[in-house]
Amino acid sequence: MSAQLKILIADDHPIFRRGLCEVIQTDAGLRLVGQASNGEEALKLVDKLRPDIAILDVHMPKLSGLQAARKLIEKKSAVKLVLLTMHEDEDLLNEALNLGIHAYVLKENAVEDLLSAVRSVASGKTFISASLSDLLVHRRTQAEALHREKPGLDSLTPTERRILKLIADDKTSKEIAEVLECAVRTVETHRQNVSQKLGLSGSHSLLKFAYDNKSSL
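Residues numbered from 1 in each chain as written. Predicted model: local features only at pLDDT ≥ 70, side-chain atom pairs only at ≥ 80, totals over all residues. Heavy atoms only, no water.

Asker: Can you help me understand the overall build of the protein in this one?
Answerer: Counting its secondary structure elements, the protein contains ten helices and six strands. Relative to a compact globule of 217 residues, whose C-alpha radius of gyration would be 17 Å, the protein shows 19 Å and is just as compact. Here the protein, with 217 residues, has 45% of them falling under the buried criterion. Long-range pairs, those at least 24 residues apart, make up 63% of the contacts in the protein with a sequence separation of at least 6. About 11600 Å² of surface is accessible on the protein, with carbon and sulfur atoms providing 51% of the total. (Helix = DSSP H or I, 4+ residues; strand = E, 2+ residues; numbered from the N terminus. Rg over C-alpha atoms; globule rule 2.2 N^0.38 Å. Buried < 20%, exposed > 50% of the residue type's maximum accessible area, 1.4 Å probe, protein only. Contact = heavy atoms within 4.5 Å. Areas by Shrake-Rupley, 256 points an atom, 1.4 Å probe, with all protein chains shown as cover.)

Next comes the structure, spelled out in C-alpha cells:
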C-alpha cells in the first residue's frame, strides 16, 4: 500500500475549515496532519509538519494565502500548494498562476473539487475549478496576442524568461541576482538581451513592459 499523502489546511473560518477537513478524511489515501487559521501559522506548521500538500485560503489574516505561498516558493519548499478563493477574480488567478501555484479552487466548488485538486497536484498536474474556465481562456487569448505582437518572446532563454517574470514582480537586479544566485552584472546583461530581443529601448521600458503584461508572460 502506498503511503498516505500528508495534508495541511489553512483557513480562518472554523466552520468552513472543519468541512474541508471532513472532505480530506473521506479519502483513505490522505492524512490530515494540521490546521491553521492564518498565513503565519500555516508557514510555521509547514516547517514543523512537512506536509506533502498545503491547502491555503487566499484571504487570511496576518499573511494571505498568496503571501504565504510566495514565501514557500521563494524558500524552495517541497510542499505542493492548493489555493482556495471565494471570488472569480482574474487578477488573483493570474497572480497565483504566475507564482506557480499547483491548484486553484473556487470555495463554492470545494466539496466537489478538493479531492480532485489534491490528487492532481500529487501527480504533478495542475487543477483549476471548471467554473474559472472563462478566466483561463481570457488569459490564454491575451498571451497569444502578446506573442503575436512581440515574437521575440519565443526566443527568450529559460533564464531570460524567469528574469522577465521577476522584473514583473518588481524585483530589482540585486534581488534577482540573489534569487538566481548569480552576479548583478550577469542579471544586467540578461536584461539588456531581453530588451534587445523585444525591441525595447529606454531605461524603464523593460520594467513597464513586464508590469503591463505580467499575466501573459
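Asker: Sorry if this is basic, but what is going on with the packing of helix α3 (residues 65–74) against helix α4 (residues 90–99) here?
Answerer: Relative orientation and spacing of two packed helices are given, respectively, by the angle between their axes and the distance between those axes. Where α3 meets α4, the axes come as close as 10 Å, and the angle between the chain directions of the two elements is 10°. By the angle between their directions, the pair α3 and α4 is classed as roughly parallel. Of the two elements, α3 crosses α4, and the hand of that crossing is left-handed. On α4, the residues touching L66, A69, R70 and I73 of α3 are L92, E95, A96 and L99. A breakdown of the residues in the contact of α3 with α4 according to their chemical character gives six nonpolar, no polar and two charged. (Axes fitted to C-alpha atoms, helices over the stretch in contact; angles between N-to-C directions. Parallel < 35°, antiparallel > 145°, perpendicular 65-115°, else oblique. Left-handed = near helix turned anticlockwise from the far one by under 90°. Nonpolar A, V, L, I, M, F, W, Y, C, P; charged D, E, K, R; others polar.)

Asker: Explanation requested: the pattern of salt bridges in the structure shown.
Answerer: A side chain with one charge can pair with a side chain of the opposite charge if their charged atoms come near. Scanning all chains against the criterion turns up eleven salt bridges. Between R70 and D169 there is a salt bridge, with the nearest N and O atoms lying 3.8 Å from each other. On the criterion of sequence distance, the pair formed by R70 in helix α3 and D169 in the loop between α7 (158–168) and α8 (173–180) is long-range, its members being 99 residues apart. Take R70: its relative accessible area is 23%, and that puts it in the partly exposed class. Judged by relative accessible area, D169 falls into the partly exposed class, the value being 27%. (Salt bridge = Lys/Arg side-chain N within 4 Å of Asp/Glu carboxyl O.)

Asker: I would appreciate a short explanation of the packing of aromatic side chains in the present structure.
Answerer: Aromatic ring pairs are defined here through the distance separating the ring centres and the angle between the ring planes. Summed over the entire model, instances satisfying the criterion amount to zero aromatic pairs. The side chain of K107 reaches across the aromatic face of F16, ending 4.5 Å from its centre. (Phe/Tyr/Trp six-rings, centres within 6.5 Å; stacked < 30°, edge-to-face > 60°. Lys NZ or Arg CZ within 6 Å of the ring centre and 35° of its normal.)

Asker: Explain the pairing of strand β4 (residues 80–85) here, please?
Answerer: For a regular strand, the rule is simple: side chains alternate between the two faces of the sheet. Buried residues dominate β4, accounting for five of its six residues. Bridging between strand β3 (residues 53–57) and β4 involves five bridges; their strand directions are parallel. Directly across from L56, in β4, lies its bridge partner L83. Handedness of the crossover joining β3 and β4 through α3 is recorded here as right-handed. Where β4 lies against strand β5 (residues 103–106), four bridges are found, and the strand directions are parallel. (Pairing = 2+ DSSP bridges. Right-handed = clockwise from strand over helix to strand, strands pointing away.)

Asker: What's the story with the sheet that holds β4 in this structure? I'm lost.
Answerer: Within a beta sheet, neighbouring strands are joined by backbone hydrogen bonds and run either parallel or antiparallel to one another. Strand order in the open sheet formed by six strands is β2-β1-β3-β4-β5-β6, with parallel pairing between adjacent strands. Because the sheet does not close on itself, it has two edges, and the strands there are β2 (30–36) and β6 (127–128). Of the strands in this sheet, β1 (5–10), β2, β3 and β4 touch helix α1 (residues 14–25), which is tilted by about 165° from β2. Against the sheet, helix α2 (residues 39–49) touches β1, β2 and β3, its axis set at about 140° to β2.

Asker: Would you explain α4 in this entry?
Answerer: Structural remark: α-helix, 3.6 residues per turn; residues separated by three or four positions point the same way. Among all positions of α4, only L92, L93, N94, A96 and L99 are buried. Downstream of α4 by a residue or two, G100 has a phi angle that is positive, lying close to 100°.

Asker: Is there a simple way to think about the packing of α7 against helix α10 (residues 205–212) in this case?
Answerer: Relative orientation of the contacting elements α7 and α10 amounts to 85°, with a least axis distance of 8 Å. Classified by the interaxial angle, the pair formed by α7 and α10 is roughly perpendicular. On α10, the residues touching L164, I167 and A168 of α7 are L206, L207, F209, A210 and Y211. Among the residues forming the contact of α7 with α10, the class breakdown is eight nonpolar, no polar and no charged.

Asker: Could you clarify how one ought to interpret unusual backbone geometry in this entry?
Answerer: A negative phi angle is the norm for most residues apart from glycine, just as the trans form is the norm for most peptide bonds. You will see that R50, though not glycine, has its phi angle at about 50°, which is positive. Overall, R50 belongs to the exposed group, its relative accessible area being 57%. With phi around 70°, K62 is a residue other than glycine that occupies positive phi space. Within the secondary structure layout, K62 lies in the loop between β3 and α3. For K62, a relative accessible area of 64% puts it in the exposed group.

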